[in-house]
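# Per-entry structural report
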Amino acid sequence: MTVGLAAPDGAGIDLDGIDLSDREFWLQPPAVRHAVFDALRRERPFAFYAEPELPWLEAGRGYYAVTRYADVDAISSRPAVFCSGSGAVSIIDMPPDINEFFGSMISMDDPRHAKIRRIVAKTFTPRMLERLVDSVQQIADDVADGARRKAEAGDGTIDVVADLAAPIPLRVVCDMMGIPDEDRAMVLQKSTIILSGGDPELVESLEDFAAAMLEAGGALSDLMNRLAAERLADPRDDLTTALVRSEVGGEQLTHQEIASFFILLLVAGNETTRNAISQGVLALSEHPEQRDRWAADPELTRTAVEEIVRWTSPIGWMRRTATQDGEVNGHRFAAGDKFLLFYGAANRDPEVFREPQVLDLARDPNPQIGFGAHGPHFCLGAHLARREIAVTFRTIFDRLPDLTVSGEPSRLRSSFVNGLKRLPARLGER
Amino acid sequence: MSRIVVDRQRCASTGGCEAVAPDVFEIADDGELVVHRPEPDEGDLPDVREAVRTCPTLALTLVDGPRPG
Ligand code: HEM
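All of these numbers come straight from a predicted model, not from anything done at the bench.

All right, on to the coordination of the iron atom of the ligand then. Ideal donor angles around a metal are set by the shape: a four-donor tetrahedron calls for 109.5 degrees, a six-donor octahedron for 90 or 180 degrees. A lone protein donor binds the iron atom of the ligand: Cys379 of chain A (SG), at 2.3 Å. Secondary-structure assignment places cysteine 379 of chain A in the loop between α14 (343-346) and α15 (382-399).

Right under this line is the structure:
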């Protein structure tokens, strides 16, 4: 399905011809997708879609696509009525064990969610992250220098995704967890598969996708079980040690809970920040005056990071499922109804953001909900991600001021992750 | 005089408040939120208000008057 580019605000789009479950829709350029979101937000704020077909699972009765900021926030902030435990990261219901294996706390409700979240909370606070700052800077310097060397050794080009955006968050998460160097390439490859959304370049067919997911999850889980055992015997100053030793209210995390949380961290910590960085680089190349302003003014960093997250909204949606009948902002729903909270659409809601289609790095206030709206599942890694994005862009301005995007981005075919697979760039005279 | 009230049912220890007002809020080692200055100084108030406004779980409120009793 392709949608011609209608008026920029989505006027004139035939919404009957739009299917958000059609994977091809997600390959369209952002301008087209946002035009459709604009039309949905205005005309069908609770548009209903059939579930995408997957060969090995039975589709449910469909879902509502929530595109207005106020509705996303209302649903997100009532976790007892709109739960995550039926699955937050897939549209079709997964068998419960798969759900937990891949979803960990993100697909759990209280009281289990609260238990795990309290155990890990301390490790992700700004205070703890202060200790990491130096290492994020060091990693970014290192990666930027590597990109420079690659360009100089070759034809002057790099891939922003593979050479900048992917390695920085990967090394940060792996350092936090204490993953040995020799396992890191495997970690990157497996987490990419888990979040590929079945993109044909990454997995051959949808049938293979199920097998590839399980294989990837199994490999990561094996790695974590090995590390957990090592840290119990020989504690270190890393997150893995904190997790195997932590107790809340006399309860410890089981090995399975630790392995699943690791998988969540690897995936949630890598694929998200990576796409904020790569699409941030793309956005700045499309708005050179904004780029120059930020490069010249480090004070702009706080608001600039929020605007990059709003603009890129790397996580497309999270799902909630109604636990009872009810009504939200005038929309009636029944127990079992599914809602996809489309953060990228909410983040351009003109009711909340003045000139939402304008990239404004000085936007303030900026109540963007790229890290999730109000509610107990609000992104655990938000402080870390902000830091990574800030450090990465300052490092690009300092060490790679001559970076220019030199070709078309190649997009990931996924509704869940708004991502780039490749973004060609050149280092050298601008 | 204003006072910070934490709804412990809602608080999920996201650390958002600590990011905004680190002198006032801290997530302790056991994952619970500790409020170091439940009756914040005048100078803390702007940050505390920001923390209350941005708390992801809407667990914080700022009420007038000292602790009852
Ligand atoms: C720009 C980067 C990032 C974005 C856009 C992002 C976005 C999100 C979103 C939308 C949620 C779900 C909120 C909900 O269901 O209400 C979430 C949850 C989560 N994120 Fe992030 N995230 C990012 C970076 C990170 C990083 C770096 C980490 C860890 C290293 C991380 C770890 C998590 C975890 C563990 C959860 C589940 C929290 C829970 O269920 O309580 N994220 N994130």
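The strands making up a sheet associate through hydrogen bonds between their backbones, and the pairing can be parallel or antiparallel. Residue and element names in this part refer to chain A. An order of β1-β2-β10-β7-β3 is seen for the 5 strands of this open sheet, with the pairing classed as mixed. A single partner strand is all that each edge strand has here, and the edge strands are β1 (46-49) and β3 (82-83). The sheet contact formed by β1 and strand β2 (residues 63-66) spans 4 bridges and is antiparallel. When the bridges of β2 are listed, alanine 47 appears paired with alanine 65.

Attention shifts here to unusual backbone geometry. Residues and elements named next belong to chain A. Of note, the amide linkage connecting aspartate 110 to proline 111 takes the cis form, showing an omega dihedral of 5 degrees. Secondary-structure assignment places proline 111 in the loop between α3 (96-103) and α4 (112-121). Between aspartate 364 and the following residue, proline 365, the backbone shows a cis peptide bond with an omega angle of 5 degrees. Tracing the sequence through the fold places proline 365 in the loop between α14 and α15.

Our next topic: empty space enclosed by the protein. The full count for this structure, using the stated rule, is 1 cavity of 30 Å³ or more. Empty space within the largest cavity amounts to approximately 80 Å³.

Residue and element names in this part refer to chain A. Around the ligand sit 28 residues in total, of which His113, Arg117, Arg320, His377 and Cys379 are the nearest. In the environment of the ligand, a nitrogen atom lies 3.5 Å from a nitrogen or oxygen atom belonging to the backbone of alanine 268. Here arginine 320 contributes a side-chain N or O atom positioned 2.7 Å from an oxygen atom of the ligand. Secondary-structure elements contributing two or more residues to the shell around the ligand are α4, α11 (255-286), β7 (317-322) and α15.

How each quantity is defined
Residues numbered from 1 in each chain as written. Chains lettered and ligands numbered in written order. Predicted model: local features only at pLDDT ≥ 70, side-chain atom pairs only at ≥ 80, totals over all residues. Heavy atoms only, no water. Donors = N, O, S within 2.8 Å, 3.2 Å for Na, K, Ca; no water. Helix = DSSP H or I, 4+ residues; strand = E, 2+ residues; numbered from the N terminus. Pairing = 2+ DSSP bridges. 1 Å grid on protein atoms, 1.4 Å probe; cavity = no way out; pocket = protein on both sides within 12 Å on 5 of 7 lines; lining within 4 Å. Points joined across faces, edges and corners; volume = space filled by probe spheres on them. Near = heavy atom within 4 Å. Polar contact = N/O pair within 3.5 Å; in protein donor to acceptor, adjacent residues only side chain to side chain.

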